[in-house]
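Each chain, written out:
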Amino acid sequence: MEYLEEHERRELWGKIQDALFQDKIDQFRAEFLEMHPYDQAKIFEEQSTDVRMQIYTYLSPEEIAEVMEHIDIEEVEHYFTEMDPRFAAQVLAEISTDDAADILNELDKNQVASYLTIMDDEAASDIKELLYYEEKTAGSIMTTEFIVIHANQTVREAMLHIKREAPDAETIYYLFVIDEDKHLVGVISLRDIIIAEEDWLIAEVMSDRVVSVQVGEDQEEVARMMRDYDFLALPVVDFQNHLLGIITVDDIMDVMEEEASDDYSKLAGVSDMDRPDENAFAAARKRLPWLVILLFLGMVTATLMGRFEATLNQVAILAVFIPLIAGMAGNTGTQALAVAVRGLATGEHEKENMAKLVLREAGTGLITGATCGLLITGIVFLWQGNIFLGILVGISIMSTLIVATIAGALVPLIMHRLNVDPAVASGPFITTINDIISILIYLGMATTFLSLHLLNS
């Protein structure tokens, strides 16, 4: 099965939809189900409500479930509300429990209760268990559809058990071993079971060095752990080391995308990334809080400019360089911020001493500031023919870049130490703070130069 480009997918759908509109159910099913579920999902999302309603009648709950598992969780809510409630409940029962719990978390509480009541008891019980856990924790992203084997089983008994349970398991490449009290005691790969002698005990061939994660652990830390150990699956345990579920690599990929999107939105000064289907009022409501804060911070900048009005009146050319110095401060501060936030997100900075990191950034600021300062000093002198004006702008650029670089690195590190999400030290916030710092440095030094009669009128 080949990867389909967008135009290829559209061409294929053009052929399939003829069977759909002509009520050729068997032909439609044969051609639609031949596609990969990802391509099915992309086609499904582009259809009108009427077409989707027809597709629901042609496909089974299990087949629709496969489609839904390849659609973003935020978008799935709309599709479930348009389905017949009983059909929707059957679809939820066919979806893996962790994904079903994520979908239900997006729905209205009354809808959730209705679906769980209609659903068969076993499926409802598994989903309820996951709904109990706090969002963005290991418990909320784990699945309970996995295979466990017992330490006192023989390899032959374990293989028979695996064959029975494999159709309903999310993965079988890692098999986790429990004792009689359901404590996690070992792990064994499918490969090791296959090559082991049939009469050996699982306890003899398993590895008892199991890396696990607590059920309440933050999902970002879980993602980091799976990345570091290159795991395909990670067991989730409670405080007594009882095995509760597993987290698979596909779920971790979703977590990494979610965390990256979340950090990016905060760096942009938005509480959450706007969804394409959101109206203008919903998008504005998310953006306004930061914009109002930045508006008041901007008033501080305006006030500072007013305080130095006499200086600007004496040497009007000084105003020309304000955007340049403020822009450079914002740029270098945002660069340092991006490095610091990325390091904290990946765990790199946890291995470094905070003072060492800040000193490194200060050194970077000194080198970049001195280089830019010398360059602008020469340019201003050649342009205006005033060496002291060139020195003023050059020293201001150098000082501003040093302070802005340190601020860009230090603010997220301090927030991290205070257990505040460092991504909230967003680009617009750092840029505005550095505007204030740069103007204070530049116009403060200009006032000093004027008092020493170094600048000509």
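This structure is a prediction, so every number in the text was calculated from the model and none was measured.

A few words on the environment of Tyr173. Of note, Tyr173 is situated in the loop between helix 12 (155-165) and strand 2 (174-178). Sequence spacing of Tyr173 and Ile147 is 26 residues, and the spatial spacing of their C-alpha atoms is 9.9 Å. When neighbours within four sequence positions are excluded, Tyr173 is seen to be in contact with Ile188, Ser189, Leu190 and Leu232.

Take Ser438: it is sitting in helix 22 (residues 427-451). What makes Ser438 buried here is its relative accessible area of 0%. In contact with Ser438, not counting residues within four places along its chain, are Ile325, Ala326, Ala329 and Thr400.

Burial analysis of strand 6 (residues 243-248) places six of its six residues in the buried class, which makes it a mostly covered element. Sheet topology note: the strand 5 (residues 233-237)/strand 6 ladder contains five bridges and is antiparallel. The residue of strand 6 that forms the bridge with Pro235 is Ile246. Following strand 5, the chain reverses through five residues before pairing antiparallel with strand 6; Asn241 in that reversal takes a positive phi of roughly 70°.

What follows deals with the sheet that holds strand 4 (residues 213-214). Spatial ordering of the open sheet is given by 4-5-6, a layout of three strands whose pairing is mixed. Each edge of the open sheet is held by one strand with a lone partner, namely strand 4 and strand 6.

For the pair helix 8 (residues 97-106) and helix 10 (residues 121-131), the least separation of the axes is 9 Å and the interaxial angle reads 65°. In the crossing of helix 8 with helix 10, the sense of the turn from one axis to the other is right-handed. Packed against helix 8, whose contacting residues are Thr97, Asp98, Ala100, Ala101, Leu104 and Asn105, the element helix 10 presents Asp126, Ile127, Leu130 and Leu131 at the interface. Residues that form the contact of helix 8 with helix 10 fall into these classes: six nonpolar, two polar and two charged.

So, on to the pairing of strand 3 (residues 184-189). The pairing of strand 2 with strand 3 spans five bridges and is antiparallel. Residue Tyr174 lies in a different strand from strand 3, and its bridge partner there is Ser189. Here strand 2 folds back onto strand 3 in antiparallel fashion, the turn holding five residues, of which Lys182 has a positive phi close to 65°.

Within helix 15 (residues 219-229), burial applies to Gln219, Val222, Ala223, Arg224, Met225 and Met226. One side-chain oxygen at the N-terminal end of helix 15 lies 2.8 Å from the backbone nitrogen of Glu220; it belongs to Asp218. Two residues or fewer past helix 15, Asp230 is found with a positive phi of approximately 55°.

Another point: the sheet that holds strand 2. Within the open sheet, the three strands sit side by side as 1-2-3. Their pairing is mixed. The sheet is open, and its two edges are formed by strand 1 (148-150) and strand 3, each paired on a single side. Neighbour to neighbour, the strand axes of the sheet diverge by 35° on average, direction disregarded.

Attention now moves to unusual backbone geometry. Across the chain, the bulk of peptide bonds are trans and the bulk of non-glycine residues have phi less than zero. A positive phi angle, close to 60°, is found at Asp23, a residue other than glycine. Within the secondary structure, Asp23 is located in the loop between helix 1 (6-21) and helix 2 (25-33). Judged by relative accessible area, Asp23 falls into the exposed class, the value being 52%. In this structure, Lys182 takes a positive phi of about 65° despite not being glycine.

What follows covers the UniProt feature "transmembrane region" (unreviewed entry) in the protein. Per the UniProt record, "transmembrane region" (unreviewed entry) is annotated on residues 288-308, 314-341, 362-383, 389-415 and 436-455. The distance from the first to the last C-alpha atom of residues 362-383 is 30 Å, and the span holds 100% helix and 0% strand.

Quick look at the nonpolar core now. Of all hydrophobic cores here, the largest spans 60 residues; its most connected members are Phe28, Met68, Phe80 and Ile247. Per-element tally for this core: the top contributor is helix 7 (residues 85-94), with five residues. Ranked by size, the runner-up nonpolar core spans 23 residues in total, among them Val315, Leu318, Leu443 and Leu455.

Time to look at a nonpolar patch on the surface. Residues Tyr173, Leu232, Val249 and Met253 make up a contiguous nonpolar surface patch of roughly 410 Å² in combined accessible area. Examined against the element boundaries, Val249 turns out to sit in helix 16 (residues 249-267). Residue class for Val249 comes out partly exposed when judged on its relative accessible area of 33%.

Reading the values: the criteria
Residues numbered from 1 in each chain as written. Predicted model: local features only at pLDDT ≥ 70, side-chain atom pairs only at ≥ 80, totals over all residues. Heavy atoms only, no water. Helix = DSSP H or I, 4+ residues; strand = E, 2+ residues; numbered from the N terminus. Contact = heavy atoms within 4.5 Å. Buried < 20%, exposed > 50% of the residue type's maximum accessible area, 1.4 Å probe, protein only. Pairing = 2+ DSSP bridges. Axes fitted to C-alpha atoms, helices over the stretch in contact; angles between N-to-C directions. Left-handed = near helix turned anticlockwise from the far one by under 90°. Nonpolar A, V, L, I, M, F, W, Y, C, P; charged D, E, K, R; others polar. Polar contact = N/O pair within 3.5 Å; in protein donor to acceptor, adjacent residues only side chain to side chain. UniProt positions renumbered as here; feature names shortened; annotations may be inferred. Core = buried A, V, L, I, M, F, W, Y, C linked by side-chain atoms within 4.5 Å. Patch = residues over 30% accessible without salt bridge, like charges linked within 9 Å, V, L, I, M, F, W, Y side chains within 5 Å. Areas by Shrake-Rupley, 256 points an atom, 1.4 Å probe, with all protein chains shown as cover. Salt bridge = Lys/Arg side-chain N within 4 Å of Asp/Glu carboxyl O.

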